[in-house]
Amino acid sequence: DAGVIQSPRHEVTEMGQEVTLRCKPISGHNSLFWYRQTMMRGLELLIYFNNNVPIDDSGMPEDRFSAKMPNASFSTLKIQPSEPRDSAVYFCASSLAGGETQYFGPGTRLLVL
Amino acid sequence: AQSVTQLDSHVSVSEGTPVLLRCNYSSSYSPSLFWYVQHPNKGLQLLLKYTSAATLVKGINGFEAEFKKSETSFHLTKPSAHMSDAAEYFCVVEGGYQKVTFGIGTKLQVIP
């Protein structure tokens, strides 16, 4: 298996622009997680899905952030409008089920100028 | 409520000496516990996990961790550090309903 795939790997954008991050989980995995990692706040869970349904989005920082999972093989995290403080590395992870090992993608490094 | 405390933000050891990275947790459920490693500019990789089987868990690269319920601890150890072990290590608790909490991470430095 190719593992969790994220795109783009790097994104540089200007403040106010819309940013869309993409994730393809490992085939057969039922749970998908979005994380944000910064020097100041460490690794934060933003949202997770189980069987394509959002279960807990309490980590989403504000209304500018939204996440969707239209099918079992694809998820997006959108920031609109983006701000410099959104600059971070965003990781997607998937697992077979709750309590199981999460497999992380390589991350998307986002820089908002 | 659920939480993870990694007691040291930085640990420095000499190559060939033992490694101890400390983690304490709290959870209302019988938790699953994990250690992940992140090398610079890389994603996270699972080192080992505990899911209510044997309390001493062996992972990759010679690491192991012992689940101690009485102490609510899950410390990570390795008998002999290698230069390639220099990375950041995260202790993670999953306490039911897929509620996952990461510790703040411990940066391990290995001195030649």
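For the structure, check the block above.
Residues numbered from 1 in each chain as written. Chains lettered and ligands numbered in written order. Predicted model: local features only at pLDDT ≥ 70, side-chain atom pairs only at ≥ 80, totals over all residues. Heavy atoms only, no water.

1. Some details on the pairing of strand β6 (residues 44–50) of chain B
(1) Moving on: Bridge count for strand β5 (residues 32–38) of chain B against β6 of chain B is six bridges, and the pairing is antiparallel. Considered in β6 of chain B, the bridge of Leu33 of chain B is made with Tyr50 of chain B. (Pairing = 2+ DSSP bridges. Helix = DSSP H or I, 4+ residues; strand = E, 2+ residues; numbered from the N terminus.)

2. Focus: the state of the cysteines
Residues and elements named next belong to chain B.
(1) Moving on: Applying the stated rule across the entire model yields two disulfides over all chains.
(2) Moving on: The residue that forms a disulfide with Cys23 is Cys91, at a sulfur-sulfur distance of 2.0 Å. With the S-S bond torsion at -65°, the cross-link from Cys23 to Cys91 turns out left-handed. One end of the pair, Cys23, is in strand β4 (residues 23–26); the other, Cys91, is in strand β10 (residues 87–94), with 68 residues separating them in the sequence.
(3) Moving on: Residue Cys23 is classed as buried on the basis of its relative accessible area, which comes to 0%.
(4) Moving on: Classification of Cys91 by relative accessible area gives buried; the value is 1%. (Disulfide = S-S within 2.5 Å. Buried < 20%, exposed > 50% of the residue type's maximum accessible area, 1.4 Å probe, protein only.)

3. Remarks on the interface of chain A and chain B
How large an interface is tends to be reported as the accessible area lost when its parts come together.
(1) Moving on: In this assembly, 21 residues from chain A lie in contact with 18 residues from chain B.
(2) Moving on: The tally of links from chain A across to chain B stands at zero salt bridges.
(3) Moving on: On the surface where chain A and chain B come into contact, there are four residue pairs in polar contact (both at pLDDT 80 or more).
(4) Moving on: Taken together, the elements giving at least two residues each to the side of chain A that touches chain B come down to β4 (31–38) and β5 (42–50) of chain A.
(5) Moving on: Class assignment for the residues of the side of chain A that touches chain B results in nine nonpolar, nine polar and three charged. (Contact = heavy atoms within 4.5 Å. Salt bridge = Lys/Arg side-chain N within 4 Å of Asp/Glu carboxyl O. Polar contact = N/O pair within 3.5 Å; in protein donor to acceptor, adjacent residues only side chain to side chain. Nonpolar A, V, L, I, M, F, W, Y, C, P; charged D, E, K, R; others polar.)

4. A short note on the packing of aromatic side chains
(1) Moving on: Under the defined criterion, the tally for this structure stands at 14 aromatic pairs over all chains.
(2) Moving on: Ring centres of Tyr35 of chain A and Phe102 of chain B lie 5.0 Å apart, and the angle between their planes is 70°; this geometry places the pair in the edge-to-face category. A residue pair is termed interchain when its members come from two chains, as with Tyr35 of chain A in strand β4 and Phe102 of chain B in strand β11 (residues 100–102).
(3) Moving on: The exposure class of Phe102 of chain B is buried, given its relative accessible area of 12%.
(4) Moving on: Centroid distance Phe63 of chain B to Tyr89 of chain B: 5.5 Å. Interplanar angle 45°. Geometry classified as tilted. Residue Phe63 of chain B is located in the loop between β7 (56–58) and β8 (64–68), and its partner Tyr89 of chain B is located in strand β10; the two are separated by 26 residues in the primary sequence. The pair formed by Phe63 of chain B and Tyr89 of chain B is uniform in burial state, with each residue classed as buried.
(5) Moving on: Clustering of aromatic rings is evident, with ring pairs tying together Phe33, Tyr35, Tyr48, Phe91 and Phe104 of chain A together with Phe34, Tyr36, Phe90 and Phe102 of chain B. (Phe/Tyr/Trp six-rings, centres within 6.5 Å; stacked < 30°, edge-to-face > 60°.)

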